[in-house]
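Here's the letter readout for the chains.
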Amino acid sequence: MTENSQDKEKALSFKDKILSELAAANGTQNHSAQQEAQPLLDKEMELAESLESLVSAVEKSHEVLEKETSVEEESVKLQVEEATEQEKLEVDNQADVLENIVRNSTISETPSSVERLAQTELAKSASAESEEVQSSAVQSRTYQTESVAATSETKDLGLPESSTTDKQQIEKDFSAVEQTLSRRDVGHGKKRSRAARTNGSAKKKRKNGLANRIVMTVLVIVLLGLGVTGLVGYNYVNSALKPMDASSTEYVTVEIPAGSSTKQIGEILEKKGLIKNAQVFNLYSKFRSYGNYQSGYYNLQKSMDLDTIAKQLQEGGTDTPQPPVLGKITIPEGYTLEQIAETVTVNAAATANKNTKTPFSKEEFLNKAQDEDFIAKMVAKYPQLLATLPSKDSGVKYRLEGYLFPATYEYGKETTVEELIDQMLAAMNTNLSQYYSTLESKNLTVNDVLTLASLVEKEGSTDQDRKDIASVFYNRLNQNMPLQSNIALLYAQGKLGQKTTLKEDAEIDTNLDSPYNVYKKQGLMPGPVDSPSLSAIEATINPSKTEYLYFVANVETGAVYFANTYEEHAKNVEEHVNSKLNQSGESSN
């Protein structure tokens, strides 16, 4: 049973006591009994004073409660303070109502008692948790017991008849008190319920907030983990595509067995230390559709990236291990031997961050190209190619001029200049081997073809022009006419391959005393003036069938104009050469 319920029971017991006294008073009319009952009224006054003391104690208990509530949680504190303030207002309002009721009462002896009783009961309910209130309640019950005992002793004594009306009024007053207390208890319950719900809702919100923070923390950790994993994976794959050692110059010989899968090739490369990861190689090959890897032996470097290695594996390896390739030398078509000597010093395979020089020098190359012992050795090695090689006394500048085939050549650590020249001669021999029988049937020598082809190479730029130009040379040779090619004169002057103006080309000295002056000398020069391309060689072996005896080229457009007679030729020269002489221009031969 709660303390508020106990307070109500106390108020009801006290009300019953008063009603009993009034009932007893109605049963007697004796004036002497009223005088004897006077001590009981005095007793009641004493009880009222005790109740007044009790109200004071309740007020003190309120102060204690206010101090105790200050130590609660902030949210609960605010709720309790609000409920306490509301309760005080209700108590004051109810006290005012009861005070009015008491003032309207007709019994002069009980107003203060009823007023103090109402105030006391309301104060008790508000301070149910105070020990001092409980003590005062015990004292009140003691006075109640004494009052009841005193009333029972005087039950035969009576009060005036007017007390009946007062009794009804008091009953109404107590009924109003009961209703007020009941409403207040209900209000207290609602307030406590709201406070409990608010407190529970706050706890629930705190729990939900904590759960949300935990979920967000886990989610952030997972996302960070995925991000870090992705970044690490990307960096790893990116590094796997790069060279293992960009500064390495060493070669590693690798054998790729026939029938090897991409995965197996990747494992071989990884074991050799050429790539970082075989699986990355496998995936990269699929991504780039590199599936046509060839078997054989390869010389690879750790300075190669994965894509470079993959492309080399597609080119095919050698049947047997070969010395590693350190670089490449590219000889352009139409280069003279001196130009070739300069080119062999440049590594055509070098990148911007590497040394572009080769281990060869121009002087070393030229010396070897004029070494008679070496030339004799080459003649013995390539008899068909060098059978008609110009002699030392033929007036040629370089005996091997025009015999070095223009192409790209590889060199290794052990490659010498002699081996390099040997490769060039071997390439020319290979390309001419298909024409040797044809040359014999046409009564042409290799030197004749290469000499004439060296002029065709410089005079024409297209296959058809070259065939037509070759026909002009053959027609002039057949009619014992000089070839009259400026290309041969420029070579004799050491200017072939250099840039010359149109004026210099038109004013070239045709009286130059040289075996290469084909203006004064009929027939061919003693030897080629440059290394002709296969296209020029083929045009010379299989020329067009024309009656042209003359040609002139427009140096601006590259177009070649042919003529059968000198008059036609002179007209072409005037239109396409002389008219341009006053204009600044350069030509490259």
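Residues numbered from 1 in each chain as written. Predicted model: local features only at pLDDT ≥ 70, side-chain atom pairs only at ≥ 80, totals over all residues. Heavy atoms only, no water.

Per an unreviewed UniProt entry, the protein is named Endolytic murein transglycosylase, and its organism is Streptococcus cristatus. According to the UniProt record, the Catalytic activity (unreviewed entry) comment for the protein reads "a peptidoglycan chain = a peptidoglycan chain with N-acetyl-1,6-anhydromuramyl-[peptide] at the reducing end + a peptidoglycan chain with N-acetylglucosamine at the non-reducing end." Turning to the protein, the UniProt annotation filed under Function (unreviewed entry) states: "Functions as a peptidoglycan terminase that cleaves nascent peptidoglycan strands endolytically to terminate their elongation." (UniProt positions renumbered as here; feature names shortened; annotations may be inferred.)

Asks: Which parts of the structure should I look at to understand the layout of surface pockets?
Replies: Using a probe with the size of a water molecule, rolled over the atoms, empty space left in the structure can be pinpointed. Taken as a whole, the largest pocket holds about 1500 Å³ of empty space. If you go around the largest pocket, you meet 46 residues; those closest to its centre are Tyr-251, Gln-301, Val-325, Leu-326 and Gly-327. At the level of elements, β2 (296-301), α9 (306-315), β3 (325-330), β4 (408-412) and α14 (417-432) are the ones that each hand at least two residues to the lining of the largest pocket. Along the lines of polarity and charge, the residues of the lining of the largest pocket split into 15 nonpolar, 21 polar and 10 charged. Per-domain counts for the lining of the largest pocket show at least three residues from each of domain 1 (251-315) and domain 2 (325-432). (1 Å grid on protein atoms, 1.4 Å probe; cavity = no way out; pocket = protein on both sides within 12 Å on 5 of 7 lines; lining within 4 Å. Points joined across faces, edges and corners; volume = space filled by probe spheres on them. Helix = DSSP H or I, 4+ residues; strand = E, 2+ residues; numbered from the N terminus. Nonpolar A, V, L, I, M, F, W, Y, C, P; charged D, E, K, R; others polar. Domains from an automatic or database assignment.)

Asks: So what exactly am I meant to see when it comes to the pattern of salt bridges here?
Replies: Any two side chains of opposite charge can pair, on the condition that their charged atoms come close. Considering all chains together, one arrives at 10 salt bridges under this definition. Asp-371 serves as the salt-bridge partner of Lys-368, at 3.6 Å between the closest nitrogen and oxygen. Between Glu-372 and Arg-399 there is a salt bridge; the shortest N-O distance is 2.5 Å. Here the residue Glu-372 occupies a position in helix α12 (residues 372-381), and Arg-399 occupies one in the loop between α13 (383-386) and β4, the gap between them amounting to 27 residues. (Salt bridge = Lys/Arg side-chain N within 4 Å of Asp/Glu carboxyl O.)

Asks: Would you explain the pairing of β2 in this entry?
Replies: Here is the key point about a regular strand: its side chains alternate between the two faces of the sheet. Counting buried positions along β2 gives five out of six residues, so the element sits mostly inside the fold. Here strand β1 (residues 251-256) runs beside β2; their pairing, made up of six bridges, is antiparallel. By the bridge assignment for β2, Val-252 is matched with Leu-300. (Buried < 20%, exposed > 50% of the residue type's maximum accessible area, 1.4 Å probe, protein only. Pairing = 2+ DSSP bridges.)

Asks: Would you explain helix α17 (residues 463-478) in this entry?
Replies: Side chains of residues three or four places apart in an α-helix project in the same direction, reflecting 3.6 residues per turn. Between its first and last C-alpha atoms α17 spans 23 Å; for 16 residues at 1.5 Å apiece the expected length is 22 Å, and the two agree. Here α17 has its buried residues at Asp-465, Arg-466, Asp-468, Ile-469, Ala-470, Ser-471, Val-472, Phe-473, Tyr-474, Asn-475 and Arg-476. The elements touched by buried residues of α17 are α16 (446-459), α20 (534-541), β6 (550-553) and β7 (560-563). (Expected span 1.5 Å × (residues − 1). Contact = heavy atoms within 4.5 Å.)

Asks: Any chance you could explain the UniProt feature "site: Important for catalytic activity" (unreviewed entry) in the protein here in plain terms?
Replies: Summarizing the sequence annotation, UniProt attributes the feature "site: Important for catalytic activity" (unreviewed entry) to Glu-459 in the numbering used throughout. Structurally, Glu-459 is set in helix α16. Excluding its chain neighbours within four sequence positions, the residues that come into contact with Glu-459 are Ile-469, Phe-473, Ser-485, Asn-486, Ile-487 and Phe-551.

Asks: What is the right way to look at helix α11 (residues 362-369) in this model?
Replies: Of the positions making up α11, those classed as buried are Phe-365, Leu-366 and Ala-369. The buried residues of α11 all sit within an arc of 95° when viewed along its axis, so they share a single face. Exposed residues on α11 whose side chains face more than 90 degrees from its buried face are Glu-363 and Asn-367. In this fold, the buried residues of α11 make contact with α10 (337-343), α12 and α14. (Arc of directions from axis to C-beta.)

Asks: Looking at this structure, I do not really get unusual backbone geometry. What am I missing?
Replies: Keep in mind that most residues, glycine aside, have a negative phi and that most peptide bonds are trans. Notably, Ser-289 is not glycine yet its phi reads approximately 60°, a positive angle. Looking at the element boundaries, Ser-289 is found in the loop between α8 (278-287) and β2. When its relative accessible area of 62% is taken as the criterion, Ser-289 is described as exposed. With phi around 60°, Asn-480 is a residue other than glycine that occupies positive phi space. Within the secondary structure, Asn-480 is located in the loop between α17 and α18 (486-492). Asn-480 sits in the exposed class, given a relative accessible area of 52%.

Asks: Looking at this model, I keep getting lost on the environment of Lys-357. Mind explaining?
Replies: On the secondary structure map, Lys-357 appears in the loop between α10 and α11. Overall, Lys-357 belongs to the exposed group, its relative accessible area being 53%. Counting along the chain gives 30 residues from Lys-357 to Gly-327, while the straight-line C-alpha distance between them is 9.4 Å.

Asks: Could you clarify how one ought to interpret the packing of helix α7 (residues 262-271) against α8 in this entry?
Replies: If you want to describe how two helices pack, look at the angle between their axes and the distance between the axes. Running from amino to carboxyl end, α7 crosses α8 at an angle of 140°, the nearest separation of the two axes being 8 Å. On the basis of their axis angle, the class for α7 and α8 is oblique. In this structure, the crossing between α7 and α8 has a hand that is right-handed. Residue-level contacts link Thr-262, Lys-263, Ile-265, Gly-266, Glu-267, Leu-269 and Glu-270 of α7 to Ala-278, Phe-281, Asn-282 and Ser-285 of α8. (Axes fitted to C-alpha atoms, helices over the stretch in contact; angles between N-to-C directions. Parallel < 35°, antiparallel > 145°, perpendicular 65-115°, else oblique. Left-handed = near helix turned anticlockwise from the far one by under 90°.)

Asks: Whenever I open this one, a nonpolar patch on the surface confuses me. Can you help?
Replies: Together, Leu-210, Ile-214, Met-216, Val-218, Leu-219, Val-220, Val-222, Leu-223, Leu-224 and Leu-226 give the surface a local cluster of nonpolar side chains, amounting to about 930 Å² of exposed area. Tracing the chain through its elements places Val-222 in helix α6 (residues 163-241). (Patch = residues over 30% accessible without salt bridge, like charges linked within 9 Å, V, L, I, M, F, W, Y side chains within 5 Å. Areas by Shrake-Rupley, 256 points an atom, 1.4 Å probe, with all protein chains shown as cover.)

Asks: What is the right way to look at the side chain of His-576 in this model?
Replies: Within the secondary structure layout, His-576 lies in helix α21 (residues 566-576). If sequence neighbours within four positions are ignored, His-576 has contacts with Asn-554 and Tyr-561.

Asks: Would you mind going over the packing of aromatic side chains with me for this structure?
Replies: Here a ring pair, both rings aromatic, is described through the centre-centre distance and the interplanar angle of the planes. Inspection of the entire model under this criterion finds eight aromatic pairs. Between Tyr-548 and Phe-562, the aromatic rings sit 4.9 Å apart at their centres with planes inclined by 15°, giving stacked as the arrangement. With a gap of 14 residues between them, Tyr-548 in the loop between α20 and β6 and Phe-562 in strand β7 connect regions that are remote in the sequence. For Tyr-548, a relative accessible area of 28% corresponds to the partly exposed category. Judged by relative accessible area, Phe-562 falls into the buried class, the value being 18%. Connected via pairs of aromatic rings, a cluster forms that spans Phe-473, Tyr-548, Phe-551 and Phe-562. (Phe/Tyr/Trp six-rings, centres within 6.5 Å; stacked < 30°, edge-to-face > 60°.)

Asks: What is the right way to look at the nonpolar core in this model?
Replies: One recurring pattern in soluble globular proteins: nonpolar side chains tend to sit buried together. By size, the foremost hydrophobic cluster in this structure holds 67 residues, and its most contacted members are Val-344, Phe-365, Leu-385, Ile-421, Met-424, Leu-425 and Leu-432. With eight residues, α14 is the single largest residue contributor to this core. Structurally, this core is a two-domain feature, drawing no fewer than three residues from each of domain 2 (325-432) and domain 3 (444-587). Ignoring anything within four residues of it in the chain, the contact list for Met-424 reads Ile-331, Ile-340, Val-344, Phe-365, Tyr-403, Leu-404, Phe-405 and Tyr-409. Val-252, Ile-265, Leu-269 and Leu-306 belong to the second largest nonpolar core, which has 18 residues in total. (Core = buried A, V, L, I, M, F, W, Y, C linked by side-chain atoms within 4.5 Å.)

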